[in-house]
Amino acid sequence: MIKKLQTEFGISQAVTIAPGINGLPKVVLAHESGSRAEVYLHAGHVTSWTNAKGDELLFLSREALFAPGKEIRGGIPVCFPQFSDQGPLPPHGFARNSEWHLVKTEVLGTGKVAARLQLTESEDSLAIWPHKFALVLGVLLDMNALTISTQVVNTGADSFQFQTALHTYFRVADIHRTSVRGLEGVSFIDAVREYRRDVETGPSIRFSEETDRIYVDAPDSLRLDDEGNGRSIVIQKRDMPDVVVWNPWIEKSHRMSYLGDEEYLRIVCVETGRIVSPCELSPRDQWQGETTFSC
Ligand code: BG6
């Protein structure tokens, strides 16, 4: 299967389809500047992004499991059609446990390298969520930027509602020296304080305990300062109104699967999505959102 994918989608010096961990097919995008991204067809999952300087920007747990039907701890899981445990489906929906298809690769005139993956309904998804859909993930690699777009199309005969998010795990040197900027004055739902509503008062969010907040209708431009690595990542989103800021801290890390006890020190998740007001799609309607990370 991997050979066939390489013949169909491989592009000399830009796109390679190779066996990844446990032999799962992975798409490796390489930009002429030296930046790279790796995307697994399992879970439609970006597991690595390195910029032109060779810095890895995404966290991947040393305990991450790469196996059909299981979610990968780290990288960029795609939450769909449910966010977290906000509905009857498995947490964060089924897209992050499903097998996706590669539908297109290309090098654009600007030199950016692109891959497009797609997930559609299956017997398993219809059994728990009776809707026909196409979820398309676009991955676009530039010298110092990675753009992820998600598009949802209703291909069935009835309307449906969904939530979606890019659950991005950034790799930081030290969570104590990490901050997220750009959310001052934004109202949030605090999942560690009985889902109380509050308003962010300071210019930057710092971490000293479990943090799990959904910022409602957040500004489209945010910044993650990773002081330990002396770098900042700019997060620019479009049509993804909400932002989740998450770190499990000590006790939750101990309870969580596929995460080492000390790994919370090296993670911050800044998730962009459509969460608080689910999107409703009529038959043949579509929705698209996009997030660009630059570093
Ligand atoms: C975050 C949620 O998006 O994902 C947290 O806000 C949750 O509440 C976290 O713990 C991780 O979820 P999971 O299902 O991957 O362990």
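Residues numbered from 1 in each chain as written. Predicted model: local features only at pLDDT ≥ 70, side-chain atom pairs only at ≥ 80, totals over all residues. Heavy atoms only, no water.

On to the environment of E263, then. Positionally, E263 belongs in the loop between α3 (249-255) and β20 (267-281). Spatially, the C-alpha atoms of E263 and P19 are 26 Å apart, while their sequence positions differ by 244 residues. Ignoring anything within four residues of it in the chain, the contact list for E263 reads F59, L60, S61, R62 and E63. Among the polar contacts made by the side chain of E263, one reaches the main-chain amide nitrogen of G260 at a distance of 2.7 Å. (Helix = DSSP H or I, 4+ residues; strand = E, 2+ residues; numbered from the N terminus. Contact = heavy atoms within 4.5 Å. Polar contact = N/O pair within 3.5 Å; in protein donor to acceptor, adjacent residues only side chain to side chain.)

Right, let's talk about the sheet that holds strand β2 (residues 25-30) for a bit. Spatial strand order, β1-β2-β3-β4: 4 strands in an open sheet with antiparallel pairing. Two strands close off the open sheet at either side, each with one partner strand: β1 (15-19) and β4 (45-50). The average undirected angle you get between the axes of adjacent strands in this sheet is 20°. As paired strands, β1 and β2 are joined by 5 bridges and run antiparallel to one another. Note that in β2 the partner of A18 across the bridge is K26. (Pairing = 2+ DSSP bridges. Axes fitted to C-alpha atoms, helices over the stretch in contact; angles between N-to-C directions.)

The full set of residues close to the ligand is R73, F83, P91, H92, R96, H167, D212, V244, W246, K252, M256 and E271. At 2.8 Å, a side-chain N or O of R73 approaches an oxygen atom of the ligand. In this structure, R96 approaches the ligand through a side-chain N or O atom, which is 2.8 Å from an oxygen atom. Taking 400 Å² as the accessible area of the ligand by itself, protein coverage stands at 86%. Cavity membership is defined here by more than half of the atoms lying within 2 Å of grid points; on that basis the ligand lies in the largest pocket. A breakdown of the residues in the shell around the ligand according to their chemical character gives 5 nonpolar, 2 polar and 5 charged. (Near = heavy atom within 4 Å. Areas by Shrake-Rupley, 256 points an atom, 1.4 Å probe, with all protein chains shown as cover. 1 Å grid on protein atoms, 1.4 Å probe; cavity = no way out; pocket = protein on both sides within 12 Å on 5 of 7 lines; lining within 4 Å. Sits in = over half its atoms within 2 Å of the grid points. Nonpolar A, V, L, I, M, F, W, Y, C, P; charged D, E, K, R; others polar.)

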